[in-house]
Amino acid sequence: MVRELHDHWFKEAKREGWRSRAIYKLKAIDEKRGILRRGDAVLDCGCAPGSWLQYASTRIGSSGMAVGVDLLPLDPLPDSNIRTLQEDLRTVTGQTLRALAGLPEDSAFDVLLSDMAPNTTGHRDTDHLRSIDLCDMVLHRCTDLLKEGGHLVMKVFEGGEYPKLIQRTASCFEEVRPMRPPASRSVSREMFIVAMSRKPLIELDVRPDISEGPPPVPDNWGM
Ligand SMILES: C[S@@+](CC[C@H](N)C(=O)[O-])C[C@H]1O[C@@H](n2cnc3c(N)ncnc32)[C@H](O)[C@@H]1O
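None of the values given here were measured: they were computed from a predicted structure.

(A) Broad picture of the side chain of arginine 168. Residue position: arginine 168 is located in helix α7 (residues 162–170). A distance of 2.8 Å separates polar atoms of two side chains, one belonging to arginine 168 and the other to aspartate 136.

(B) Geometry of helix α5 (residues 94–101). Within the span of α5, buried status applies to Gly94, Leu97, Arg98 and Ala101. What you see down the axis of α5 is that its buried residues fit within an arc of 100 degrees, all on one side. Relative to its buried face, α5 has exposed residues pointing more than 90 degrees away, namely Gln95 and Ala99. In the stretch just after α5, glycine 102 is the one whose phi turns positive, near 75 degrees.

(C) Representation of the site of the ligand in the model. Lining the immediate environment of the ligand, one finds 22 residues, of which Gly50, Ser51, Asp70, Asp88 and Asp115 sit closest. Residue proline 49 places a main-chain N or O atom 3.3 Å away from an oxygen atom belonging to the ligand. Aspartate 115 is positioned such that a nitrogen or oxygen atom in its side chain is 2.8 Å from a nitrogen atom of the ligand. Starting from 610 Å² of accessible surface for the ligand in isolation, the protein chains cover 99%. Among the residues forming the shell around the ligand, the class breakdown is 13 nonpolar, four polar and five charged.

(D) Focus on the packing of helix α3 (residues 23–33) against helix α4 (residues 51–60). α4 packs onto α3 with a crossing angle of 35 degrees between their chain directions and a minimal axis gap of 8 Å. Two packed elements cross with a definite hand, and for α3 against α4 that hand is right-handed. Residue-level contacts link Ile23, Leu26, Lys27 and Asp30 of α3 to Ser51, Trp52, Tyr55 and Arg59 of α4. Across the contact of α3 with α4, the residue classes break down as four nonpolar, one polar and three charged.

Calculation rules
Residues numbered from 1 in each chain as written. Predicted model: local features only at pLDDT ≥ 70, side-chain atom pairs only at ≥ 80, totals over all residues. Heavy atoms only, no water. Helix = DSSP H or I, 4+ residues; strand = E, 2+ residues; numbered from the N terminus. Polar contact = N/O pair within 3.5 Å; in protein donor to acceptor, adjacent residues only side chain to side chain. Buried < 20%, exposed > 50% of the residue type's maximum accessible area, 1.4 Å probe, protein only. Arc of directions from axis to C-beta. Near = heavy atom within 4 Å. Areas by Shrake-Rupley, 256 points an atom, 1.4 Å probe, with all protein chains shown as cover. Nonpolar A, V, L, I, M, F, W, Y, C, P; charged D, E, K, R; others polar. Axes fitted to C-alpha atoms, helices over the stretch in contact; angles between N-to-C directions. Left-handed = near helix turned anticlockwise from the far one by under 90°. Contact = heavy atoms within 4.5 Å.

Dropping the structure here:
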């Protein structure tokens, strides 16, 4: 714990005024792949405590809008191009998210970000499968929430089902590249799937189980 609290990225984030060390993961991905642009409408899934929203806000500028959704409450951010909502991404409606972003009913987001993590149990396979389920849910939500040609960045915990998740993502996007930013901890099995340019039609053969109620509130976020 002491090691985690005092690592290089944690100190940098504190010094630079970001809410979490996770900022440096998105920044590295964005600098490499050019995900975020001025004027973009961005949906940040699993946004608390808010560093990805802070970063997205600086990249999209005042003509853009970043909407963050999380199970957990978020201390308000002062930026005028950020809106947040405490909800489960499994159940929140597209209509609600579009309205928050000020998007017309028939429109969608330019970029979807997901740093969502399940409430980790310490059992590697269980955590992996729960993470895969969250990613499948995000892919399904892309059909409605992400524009054709839009980009997706999502976190996953690697394991046996990971190659199939990459295949499913590749069936929805023109280009898919896994990335492991330097700020990811060496002991962590997290990987980021960077998927560019959503195809016109998304066809998935796996449906995430969205019939259950909200999952338990995460306490460690797998960070
Ligand atoms: C690693 S944290 C995100 C950190 C964030 N990217 C940042 O920069 O501050 C993961 C978040 O995902 C959220 N989460 C997990 N499952 C979710 C769900 N079904 N709907 C909404 N948020 C969820 C958790 O509550 C947690 O706050």
